[in-house]
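This is what each chain is made of:
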Amino acid sequence: MVNLDLLLQTAEYAAKKHRDQRRKDPEQTPYINHPLGVTRLLTSAGITHLPTLQAALLHDTVEDTDTTVSEVCTVFGLEVATIVKECTDDTTLPKAERKRRQILAAPTVSLEAKRVKLADKLYNLRDLLRTLPLGWTDERKLEYFAWAKKVTDGCQGACPPLEDQLKQLYQEVLGV
Ligand code: NDP
Ligand code: ZN
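All values reported here derive from a predicted model rather than from experimental measurement.

1. Re the overall build of the protein chain
Right, on to step 1. When helices and strands are tallied, the protein chain shows 10 helices and zero strands.
Right, on to step 2. In sequence order, the protein chain lays out its α and β elements as α-α-α-α-α-α-α-α-α-α.
Right, on to step 3. What you see for the protein chain is a C-alpha radius of gyration of 15 Å, in line with the 16 Å of a compact globule of 176 residues.
Right, on to step 4. By principal-axis analysis of the C-alpha atoms, the protein chain measures approximately 45 × 35 × 30 Å.
Right, on to step 5. Evaluated residue by residue, the protein chain yields a buried proportion of 46% over its 176 residues.
Right, on to step 6. For the protein chain, restricting intrachain contacts to residue pairs at least 6 apart in sequence, the fraction spanning at least 24 positions comes to 68%.
Right, on to step 7. Between the centroid of the 24 positive side chains of the protein chain and the centroid of its 25 negative side chains there is a distance of 2 Å.

2. So, the packing of aromatic side chains
Right, on to step 1. Applying the stated criterion across every chain, the model contains three aromatic pairs.
Right, on to step 2. Ring centres 5.3 Å apart and planes at 65° place the aromatic pair Tyr144 and Trp147 in the edge-to-face group. Taken together, the residues Tyr144 and Trp147, both in helix H9 (residues 138-153) and three residues apart, mark about one turn of the helix.
Right, on to step 3. Taken together, the ring pairs in this structure connect Trp136, Tyr144 and Trp147 into an aromatic cluster.
Right, on to step 4. Over the aromatic face of Trp136 sits the side chain of Arg140, whose NZ or CZ is 4.2 Å from the ring centroid.
Right, on to step 5. In this arrangement the basic side chain of Lys149 is found over the ring face of Tyr170, its NZ or CZ atom lying 6.0 Å from the centre.

3. Considering the site of ligand 1
Right, on to step 1. With respect to spatial proximity, 18 residues lie near ligand 1, and among them Arg23, Lys24, Tyr31, Lys99 and Tyr144 are the closest.
Right, on to step 2. In this structure, an oxygen atom belonging to ligand 1 sits 2.4 Å away from a side-chain N or O atom of Tyr31.
Right, on to step 3. Interatomic distance of 2.9 Å between a side-chain N/O atom of Lys95 and an oxygen atom of ligand 1.
Right, on to step 4. In isolation ligand 1 offers 920 Å² of accessible surface; the protein chains occlude 75% of this area.

4. Some thoughts on the coordination of the zinc ion (ligand 2)
Right, on to step 1. Only His34 (NE2), His59 (NE2), Asp60 (OD) and Asp120 (OD) from the protein coordinate the zinc ion (ligand 2), and they sit 2.1 to 2.3 Å from it.
Right, on to step 2. Within one chain, the residues donating to the zinc ion (ligand 2) are spaced in sequence as H-x24-H-D-x59-D. Just as His59 is buried, Asp60 falls in that class too.

5. Looking at the environment of Arg130
Right, on to step 1. Among the secondary structure elements, Arg130 is positioned in helix H8 (residues 111-130).
Right, on to step 2. Considered as a pair, Arg130 and Arg101 are 29 residues apart in the sequence and their alpha carbons are 27 Å apart.
Right, on to step 3. If we skip the residues at most four places from it in the chain, Arg130 touches Asp25, Glu27 and Thr29.
Right, on to step 4. A polar contact is formed between the side chain of Arg130 and the side chain of Asp25, at a distance of 3.1 Å.

Definitions and cut-offs
- Residue positions are counted from 1 within each chain, in the order its sequence is given.
- In the order they appear in the text, chains get letters beginning with A and ligands get numbers beginning with 1.
- Selection of residues for local features in this predicted model requires a pLDDT of at least 70, selection of side-chain atom pairs for listing and counting requires 80 or more, and totals for whole chains, interfaces and linings are taken over all residues.
- Only heavy atoms go into the side-chain values, all of them from the structure, while hydrogens and water stay out.
- Put simply, DSSP H or I for four residues or longer makes a helix, DSSP E for two residues or longer makes a strand, and each gets a number counted from the N terminus.
- The size measure is the radius of gyration over C-alpha atoms, and the globule rule it meets is 2.2 Å times the number of residues to the 0.38 power.
- In this scheme, a residue with accessible area under 20% of its type's maximum is buried, one over 50% is exposed, and one in between is partly exposed, where area comes from a 1.4 Å probe on protein chains only.
- It only takes one pair of heavy atoms within 4.5 Å for two residues to be counted as in contact.
- Only four residue types enter the tally: Lys and Arg on the positive side, Asp and Glu on the negative side; His and the chain ends are excluded.
- A charged residue contributes its charge at one atom only: NZ of Lys, CZ of Arg, CG of Asp or CD of Glu.
- Two rings from Phe, Tyr or Trp (for Trp, the six-membered ring) form a pair when their centres are within 6.5 Å of each other. A pair whose planes differ by under 30 degrees is stacked, one over 60 is edge-to-face, and the rest are tilted.
- By the criterion adopted, a ring carries a charge over it if an Arg CZ or a Lys NZ lies within 6 Å of its centre and within 35 degrees of its normal.
- Put simply, a residue is near a molecule or strand once any heavy atom of it comes within 4 Å of that molecule or strand.
- Pairs of N or O atoms are called polar contacts if they sit within 3.5 Å, as long as, within protein, a hydrogen donor faces a hydrogen acceptor (for residues adjacent in sequence, only side-chain-to-side-chain pairs).
- All accessible-area figures derive from a Shrake-Rupley calculation using a 1.4 Å probe, and residue coverage is judged against the displayed protein chains alone.
- Think of the donor list as every N, O and S atom within 2.8 Å of the metal, or within 3.2 Å for Na, K and Ca; water never makes the list, so a site can look incomplete.

So, in structure tokens, the structure goes:
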């Protein structure tokens, strides 16, 4: 049985951290909808491991807010902090290098981090299909899909229900 109190405490913490941020869609959806949706993709795929669900809620806090891995470790423990760290890009690097490293790192991270990565990419791809962010072209969307496929191909076997949904999306959009 998942500890709902701890899960909701984590959601509240993530909501505070992302409170001033919006998604890139034209509606400027509150950012917290994304970590909540990523976590829901995991629960609907049957994942009940609490640290994985907590890491999904927190997966963009270190990359996109002033939160540090050590703060996550102090508040939520080493297991959660380790998964979050595995899902965090080195933001000091140029964007293209960060994207290259995500592809290389995907097969090397823990099972839990692979699951969060699969859900993260699935959520973002569905978001892009729903509405393109302002300034994005169809070409950029297709580039994003092609890159995401390279990352999720490195996470194979971690969560078949999510992989099946991704496979269907790639087939529809990329034809592969
Ligand atoms: P970004 O990394 O800038 O944006 C995608 C990320 O934004 C997602 O991974 C997601 O990350 C977050 N996000 C926020 N809102 C949304 C949303 N509504 N839908 C989907 N994702 C959302 O974009 P790119 O991946 O395109 O990275 C930039 C790269 O694109 C550069 O390497 C550059 O060379 C290239 N580029 C290409 C252009 C083109 O026209 N082909 C033009 C400009 C740049 P999270 O999960 O962390 O929220
Ligand atoms: Zn994310």
